[in-house]
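Spelled out, the chains give:
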Number of protein chains: 2
Amino acid sequence: MTGIEYDDFIDLGYEPDEDELVCRFRFEPAEGMSAEAAASRIASESSNGTWAALQVDPDELTHLGAVAFEIEGSEAAIAYPPALFESGSMPQILSCIAGNILGMKAVDTLRLEDCEWPASIVEGFPGPQYGPAVATEKLDAGGRPVLATVPKPKVGLSTAAHVRVGEDAWRGGVDLLKDDENLTDQEFNPFEDRLTESLAARDRIAESTGERKGYLVNVTAETTAMLERVDRVAEAGGEFVMVDVITCGWAAVQTVRRRCERHGLAIHAHRAMHAAFDRLPHHGVSMRVLAQIARLCGVDHIHTGTAGLGKLENEDTPGINAWLAADCHGMTPVLPVASGGLHPGVVDRLLETLGTELIVQAGGGIHGHPDGTHAGARALRAAVEASVDGVSLERRAEDHEPLAVALEKWGSEAPR
Amino acid sequence: MTGIEYDDFIDLGYEPDEDELVCRFRFEPAEGMSAEAAASRIASESSNGTWAALQVDPDELTHLGAVAFEIEGSEAAIAYPPALFESGSMPQILSCIAGNILGMKAVDTLRLEDCEWPASIVEGFPGPQYGPAVATEKLDAGGRPVLATVPKPKVGLSTAAHVRVGEDAWRGGVDLLKDDENLTDQEFNPFEDRLTESLAARDRIAESTGERKGYLVNVTAETTAMLERVDRVAEAGGEFVMVDVITCGWAAVQTVRRRCERHGLAIHAHRAMHAAFDRLPHHGVSMRVLAQIARLCGVDHIHTGTAGLGKLENEDTPGINAWLAADCHGMTPVLPVASGGLHPGVVDRLLETLGTELIVQAGGGIHGHPDGTHAGARALRAAVEASVDGVSLERRAEDHEPLAVALEKWGSEAPR
């Protein structure tokens, strides 16, 4: 018989195997507890420890203990053996590395900051189908950011008004029309009507502008209903679906990913509710980790913020976007989306900070233009193209009336 | 044409209609912003506002604006019109009331504290099938708390060892054997083997003890795999499934609820990851609201904490449990589960605080007993029955050796 004790879960000389998952946590030990004791408890509770000492026959126990191998100030790195995880199940992984440990009395606060995903875990997940390739495979936006918009007000518009706003935006130079996350299948704008009428409009505008356009229709719902909506999008000739990944959850995202592959649909991930657990810097789960999870589960685009140039608080957008673009055991990259309070006047700094492999989404920053949606879309497109070409917004505005009006209205500051 | 402005979203004289959803938030306005302006922004962003002023034809707009109708210090109450919500879609509701608002720069922190659910929303959801009735319909635990345990170490045990621990616990007086949330379908203890062998053991012990026993098998996975596991549980003669509701997400929970109804299976909800957004008192979404959501979506049991008598931090367990038991437009109640660091020595105070309509779950507090699992289970059962009968633990221990040993080992304090 063998005992399992807390100090089995810490070894500051340990070097993780390359097939282990390494998680980096920020933590504040409870009063009277050392950093070592707290880190050991984190490793224990998130793998196979418990608060009580136990006696177990070693022949009947697979070694699954995590090891805290690095502690620096309030940060700890913990390595998890691959056998702890069910292959390809994101809910199971989260139940270990972001589960009960977040509520332990042994720590006052705890935040999962970053993960280093080994091939042993990555190979269980599909990753994205398209990622940045949507710009050329499904749209005509090669060499510049993809532009997207959500009709405003975000809910309440009739289907006809919604579609008309979309037409104006597409015609003005936007590539993607996107549903708001609050818009799914309500009486004022039913899913089926909106889908078919928006796609018909998409085809008309693609014909008149000579540019392929896309519609990010929000299929978020209970899983069975969501899969039916995905099927309807494919039948109706859509190329994209939008899924609100946190509010529906990762089990459903994984299910939708499989169905979308059957149809060749790209997945646009909205992230409503992420700020419930990633906003505060000392507790919860970071947006960086959420973005990693989303890539593993196979979304093609995900919102990662505006690097401070919008109305929402963001953590390190450039760092997250760099991770989404970097190699990770051959997984396809994810195309990040900048959104939330953007307008043409901040586009130059946005692209300077985040590069051009990006979706730039503006809602109020298009439809709030004094001359309406079409002018607002033209202003955004002009701002983006000028920035890509290295021309200043002021210079471009000299011979672009909609951009001049936008800069006059909004200036170059982020809204609050 | 009509403008939508921020002050359309606040009316301190407003009385909500009875079909409106009322949400109560705690918030800290951003520097330089009044409580009224911040509350108005919360109502705006969570319904149909945006940061930019817009002009809209009123004939094409359904009124969906939320109204901040009460502000007291750092708390605001906001009423949402029912037409904003898709009937029966929890992801859609969350995208409104717990979505982008949590990340707005207009507030430094924001927490969804409580909801008052109108019949107009409740009727779209199934609610629980059984709730507290599992104690008599599926078990023989009428008149006392249901007892549950998770084998420890929670992961790593072989199937044979897992089942043997379960047998010892059932035989000692525990009603429910529960999988750990980290245990799903891994090589060291595959789902199918564990399911069939545990249910065979359940039948043997039920026969020998004359008490019905249950197995809470963890079916959590990607949705399609999860439904297959639910079907297998029913085929194999199970009566319960366990679902990790936060890590898999509400879309999947709603889907599983439908499938379980077909089979008559009760749903045991684990809540790993809840502390990522409910632990800090000033930000995120409260456990109270999560419990409400779980009831609407139709789980039968949910973990709500130990009222401070365990190893995990909890918010107001008695208040949450009271809500789960109270009438809500005729919805079946949910049976709450107290778990996390419990042992026999705290049972008297636990039941005094939370009552007897409860599942008392102990892991280390059973298997860590010096004389092993069977003695640990007997000690817990004795402690619970004594408390129900108004007999003190010390008194009962006088003629109950396992309980005496447990009290000697653990005393009457919560572990940390």
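Everything quoted here is computed from the prediction, not taken from an experiment. (Residues numbered from 1 in each chain as written. Chains lettered and ligands numbered in written order. Predicted model: local features only at pLDDT ≥ 70, side-chain atom pairs only at ≥ 80, totals over all residues. Heavy atoms only, no water.)

## A word on the overall build of chain A
No. 1: Across its full length, chain A carries 17 helices and 15 strands.
No. 2: Computed over its C-alpha atoms, the radius of gyration of chain A comes to 23 Å, within 12% of the 22 Å expected for a compact globule of 416 residues.
No. 3: Along the longest, intermediate and shortest principal axes, the C-alpha atoms of chain A span 80 × 45 × 35 Å.
No. 4: Counting only residues that meet the buried cut, chain A has 67% of its 416 residues in that class.
No. 5: The long-range fraction of contacts in chain A, counting pairs at least 24 apart against all pairs at least 6 apart in sequence, stands at 77%.
No. 6: About 13,200 Å² of surface is accessible on chain A, with carbon and sulfur atoms providing 44% of the total. (Helix = DSSP H or I, 4+ residues; strand = E, 2+ residues; numbered from the N terminus. Rg over C-alpha atoms; globule rule 2.2 N^0.38 Å. Buried < 20%, exposed > 50% of the residue type's maximum accessible area, 1.4 Å probe, protein only. Contact = heavy atoms within 4.5 Å. Areas by Shrake-Rupley, 256 points an atom, 1.4 Å probe, with all protein chains shown as cover.)

## Here we look at helix α17 (residues 401-410) of chain A
No. 1: Regarding α17 of chain A, the residues found buried are Pro402, Leu403, Val405, Ala406, Leu407 and Trp410 of chain A.
No. 2: Of the residues flanking the end of α17 of chain A, it is Gly411 of chain A, one or two places downstream, whose phi is positive at about 65°.

## Overview of the pairing of strand β4 (residues 67-72) of chain B
The two faces of the sheet receive side chains in turn, since in a regular strand these alternate between them.
No. 1: Relative to strand β5 (residues 75-80) of chain B, β4 of chain B runs antiparallel, the two sharing five bridges. For Ile71 of chain B, the partnering residue across the bridge sits in β5 of chain B and is Ala76 of chain B. (Pairing = 2+ DSSP bridges.)

## Thoughts on helix α11 (residues 287-297) of chain B
All names here are of chain B.
No. 1: Here α11 lies mainly inside the structure; 10 of its 11 residues are buried.
No. 2: All of the buried residues along α11 are Met287, Val289, Leu290, Ala291, Gln292, Ile293, Ala294, Arg295, Leu296 and Cys297.
No. 3: One or two residues past the end of α11 sits Gly298, with phi positive at roughly 105°.

## Details of the environment of Asp180 of chain A
Residue and element names in this part refer to chain A.
No. 1: Turning to its location among the elements, Asp180 is positioned in the loop between β8 (176-178) and α6 (191-209).
No. 2: Judged by its relative accessible area of 4%, Asp180 falls in the buried class.
No. 3: Separated by 28 residues in sequence, Asp180 and Lys152 place their C-alpha atoms 8.6 Å apart.

## Brief notes about the packing of aromatic side chains
No. 1: Applying the stated criterion across every chain yields a total of three aromatic pairs over all chains.
No. 2: On the numbers, 6.2 Å between centres and 55° between planes, the contact of Tyr80 of chain A with Phe85 of chain A is tilted.
No. 3: Assessed through its relative accessible area of 0%, Tyr80 of chain A is described here as buried.
No. 4: In this structure Phe85 of chain A comes out as buried when scored by relative accessible area, which is 8%.
No. 5: The ring of Phe191 of chain B has Arg229 of chain B sitting right over it, with the charged end atom 5.5 Å from the ring centre.
No. 6: Note that Arg295 of chain B overlies the ring of Trp323 of chain B, its terminal NZ or CZ placed 5.0 Å from the centroid. (Phe/Tyr/Trp six-rings, centres within 6.5 Å; stacked < 30°, edge-to-face > 60°. Lys NZ or Arg CZ within 6 Å of the ring centre and 35° of its normal.)

Shape descriptors only; they carry no functional weight alone.
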